Amino acid sequence: AEKAIQRVMYWTQDWGETKRIAFRKAELFYESFQTHNHSVEASTRGWLQRLNDSAIPVCLCSEMDRGSVESVLRAAGVEGLYSDLISAEDDCDTRTQMYLGAASKLQRPP
């Protein structure tokens, strides 16, 4: 978020202000994430189940914290259908880093 704030949207170059904006964005996203009624389409659940049954590893990538993501997976009825998880605790700065981390966790080439 910090790179987007400074280099894409040009909202500010002040690092303290950049961190404040990024933190506020994360707070708003977290609040929305917690109150949303999460569900998964039956066809998506079936697809994930078939991947799992076929021993095809799947890693979910999210910018949210691990606990929140796992809670949503439970609520959506797809807990256990992912081999691994990349979350905020993995400290990835970009989506590219998230996907590389996922490939590494799944022991697959990127």
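Each remark here, short or long, concerns the structure printed above.
What counts, and at which threshold
- Each residue is numbered by its place in its chain's sequence as written, counting from 1.
- This being a predicted model, a pLDDT of at least 70 is required before a residue's local features are given, and a value of 80 or more before pairs of side-chain atoms are given or counted; all residues contribute to the totals for chains, interfaces and linings.
- Calculated side-chain values reflect all of the structure's heavy atoms, with hydrogen atoms and water omitted.
- To qualify as a nonpolar core, a set must consist of buried Ala, Val, Leu, Ile, Met, Phe, Trp, Tyr and Cys residues joined through side-chain atoms within 4.5 Å.
- Only protein chains enter the calculation, and the probe is 1.4 Å; a residue is then buried if its accessible area is under 20% of its type maximum, exposed if over 50%, and partly exposed in between.
- Pairs of residues are marked as contacts when any of their non-hydrogen atoms sit within 4.5 Å.
- We call a pair of cysteine sulfur atoms a disulfide whenever their separation is within 2.5 Å.
- For helices, the fitted axis covers only the stretch in contact; all axes are lines through C-alpha atoms, and the angles between them, taken along N-to-C directions, range from 0 to 180 degrees.
- Here a strand is any run of E in DSSP of at least two residues, a helix any run of H or I of at least four, and the numbering for each starts at the N terminus.
- With respect to orientation, any angle under 35 degrees is reported as roughly parallel, any angle over 145 as roughly antiparallel, any angle of 65 to 115 as roughly perpendicular, and every other angle as oblique.
- Left-handed is the label given to a crossing in which the near helix is rotated counterclockwise from the far helix by less than a right angle, and right-handed is the label when the rotation is clockwise.
- The patches described consist of residues with a relative accessible area above 30% and no salt bridge, like charges being joined within 9 Å and nonpolar side chains (Val, Leu, Ile, Met, Phe, Trp, Tyr) within 5 Å.
- We get accessible surface area from the Shrake-Rupley algorithm with a probe of 1.4 Å; when it comes to residues, only the shown protein chains can shield them.
- Should a side-chain nitrogen of Lys or Arg be within 4 Å of a carboxyl oxygen of Asp or Glu, the pair is scored as a salt bridge.
- Note: the arc covers the axis-to-C-beta directions of the helix.
- Counted as a polar contact is a pair of N or O atoms within 3.5 Å, where, for protein atoms, one must be capable of donating a hydrogen and the other of accepting one, and residues adjacent in sequence contribute only when both atoms are in side chains.

Draft legend 1. Focus on the nonpolar core. Residues F33, L48, L51, V58, M64, V69, V72, L73, A76, V78, L81 and L85 constitute the largest nonpolar core, which totals twelve residues. Apart from residues lying up to four places away in sequence, L85 is in contact with C59, L60, R66, V69, E70, D90 and K105. Formed by five residues, the second largest nonpolar core is a distinct cluster that contains C59, M98, A102 and L106.

Draft legend 2. Representation of the state of the cysteines within the structure. For the structure shown, the criterion picks out zero disulfides. Distance from the sulfur of C59, which forms no disulfide, to the nearest cysteine sulfur (C61) is 4.8 Å. What makes C59 buried here is its relative accessible area of 15%. With a relative accessible area of 25%, C61 lands in the partly exposed category.

Draft legend 3. Quick peek at the packing of helix α2 (residues 15–35) against helix α4 (residues 66–76). It is the contact of α2 with α4, at a shortest axis distance of 11 Å, that shows an interaxial angle of 25 degrees. For the element pair α2 / α4, the angle class is roughly parallel. As for how α2 packs across α4, the hand of that crossing is left-handed. Contacts between α2 and α4 involve Y30, F33 and Q34 from the first element and S68, V69 and V72 from the second.

Draft legend 4. A look at a nonpolar patch on the surface. On the surface, V8, M9 and W11 cluster together into a nonpolar patch covering about 340 Å² of accessible area. Secondary-structure assignment places W11 in the loop between α1 (2–8) and α2.

Draft legend 5. Fine view of α4. Here α4 has its buried residues at S68, V69, V72, L73 and A76. Buried residues of α4 fall within an arc of 135 degrees about the axis and therefore sit on the same side. Its buried side turned inward, α4 meets α2, α3 (42–53), β1 (59–61) and β2 (84–86). Once α4 ends, the next one or two residues include G77, with phi positive near 80 degrees.

Draft legend 6. Representation of the side chain of T12 in the model. Here T12 lies in the loop between α1 and α2. Here the side chain of T12 touches D14 through a polar contact of 3.0 Å, landing on its backbone nitrogen. Sequence-distant contacts of T12, defined by excluding residues within four places in its chain, comprise I5, Q6, E17, T18 and I21.

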